[in-house]
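Topology and contacts: notes
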Amino acid sequence: MPSAFVHLRVHTEYSLANGTVRIQPLVERTAEMMMPAIAVTDQSNLFSMVKFYRAAMKAGVKPVIGVDLWVTGGAGSGQPTRIVLLCRHHEGFLGLTRLVSRTYTEGQQRGLPLLDKSWLEGNTTGLIALSGGRSGDIGQALLAGKAAQARTLLDDWCRLFPDSFYLELQRTGRPGEEEYLHRAVMLAAAADVPVVATNDVHFLMSADFEAHEARVCINEGRTLNDPRRTRQFTDQQYLRSPGEMAELFRDVPEALANTVEIARRCNLELDLGRIYLPDFPVPAGLTLADYFRQQAHAGLERRLKKILPPDTPDVEAKERRYLERLETEINVIIEMGFPGYFLIVADFI
């Protein structure tokens, strides 16, 4: 990779509460700046994945798939903190989809999908973790002056992600970043853990900051001039060029080099354009097509009892017409490979 930097934490418009980056302009800008790869890490979702993957591959940019997650649980657990997970390969992608789904089905608190740290036990194969910077639990401990707790947290994350955990550094002008950065670099050196630089991107160009803030206000139900509104972002959280990032982190060059190394390690290939359905359970001795045919005939039989009572004139001929139509429909559905889909829909209906 010729570039000295790869963005590994980017929020698109699919980060519904606080992102304004559109996929196509993002990929075009990445290619324009001659960055060979880029990661999209939307907040708590993978909504943009297929669109991003296709656009990146078409533009000759390597797509890195990830998610920025709220996490709870673990030592010193209090308010939710952040962790960024990136897919190395297909197994990691499947694991990540299961974790994200679980945050919605089991982890929601006041509408916020949370990842329980305990869910990661035995479920981190194929994933790389970035610590979340000052918003991660290690960052919060360092800013609170709890160095021993930060080391304990770091050791636990490294246990969960052996050879795949990175302390994340940022310089976007937000309070506490520089203090955190210096403490994190010292901790990384003491623990022999790699550091990585990100810009926590939420908009494409610096001029887009005001539009981004308007989107944040809409989500919060505030106005731009409301003194009570949170101001979590700065105008520096745009897609900086490799040169800008090199200047920003000239004192920590390994944090830039590691972005390229992480991008090299992430090699997820998606097989798009094919239909994947869950395996619908069928009774022993029956194929999916056989069971679908059986259920379809049983359903028609129930309905015919209502629409064609036994005393209906010419009842057998009328029933035969229904059966012929049903067989035609069944054969088309089986030929197209959709019996499982119809069984799944019938099940939830």
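This is a predicted model, so every value here is computed, not measured.

Counting through the fold element by element, Thr-103 comes out in helix H3 (residues 90–105). Using a relative accessible area of 0% as the deciding quantity, one classes Thr-103 as buried.

This part takes up helix H11 (residues 315–336). Between the first and last C-alpha of H11 there are 32 Å, a value that for 22 residues agrees with the 32 Å anticipated at 1.5 Å per step. If you check which residues of H11 are buried, you get Val-315, Ala-317, Leu-326, Ile-330 and Ile-333. Buried residues along H11 sit against helix H10 (288–307) and helix H12 (339–348). Phi turns positive one or two residues past the end of H11, at Gly-337, with a value near 80 degrees.

Moving on, we get to the nonpolar core. Counting residues in hydrophobic clusters, the biggest one holds 64 residues, and the most contacted among them are Leu-85 and Ile-138. Broken down by element, this core gets its largest block of residues, six residues, from helix H6 (residues 177–191). Listed in part, the 15 residues of the second largest apolar core include Val-6, Ala-39, Val-64 and Leu-86.

Attention now moves to the pairing of strand E7 (residues 165–169). For E7, the buried fraction is high: five of the five residues fall into the buried class. With burial as the criterion, each face of E7 is covered, one bearing Phe-165, Leu-167 and Leu-169 and the other bearing Tyr-166 and Glu-168. Inspection of the sheet shows strand E6 (residues 127–130) paired to E7 by two bridges, in the parallel sense. Counterpart to Leu-130 in the pairing with E7 is Tyr-166. Note: E7 against strand E8 (residues 195–197), three bridges, orientation parallel. Bridge pairing in E8 links Leu-167 to Val-195.

Next up on the list: unusual backbone geometry. Phi is positive for Ser-44, close to 65 degrees, though the residue is something other than glycine. With respect to the helices and strands, Ser-44 occurs in the loop between strand E1 (37–43) and helix H2 (49–59). At Asp-192, a residue that is not glycine, the phi angle is positive and equals roughly 55 degrees. Within the fold, Asp-192 resides in the loop between H6 and E8.

Analysis parameters
Residues numbered from 1 in each chain as written. Predicted model: local features only at pLDDT ≥ 70, side-chain atom pairs only at ≥ 80, totals over all residues. Heavy atoms only, no water. Helix = DSSP H or I, 4+ residues; strand = E, 2+ residues; numbered from the N terminus. Buried < 20%, exposed > 50% of the residue type's maximum accessible area, 1.4 Å probe, protein only. Expected span 1.5 Å × (residues − 1). Contact = heavy atoms within 4.5 Å. Core = buried A, V, L, I, M, F, W, Y, C linked by side-chain atoms within 4.5 Å. Pairing = 2+ DSSP bridges.

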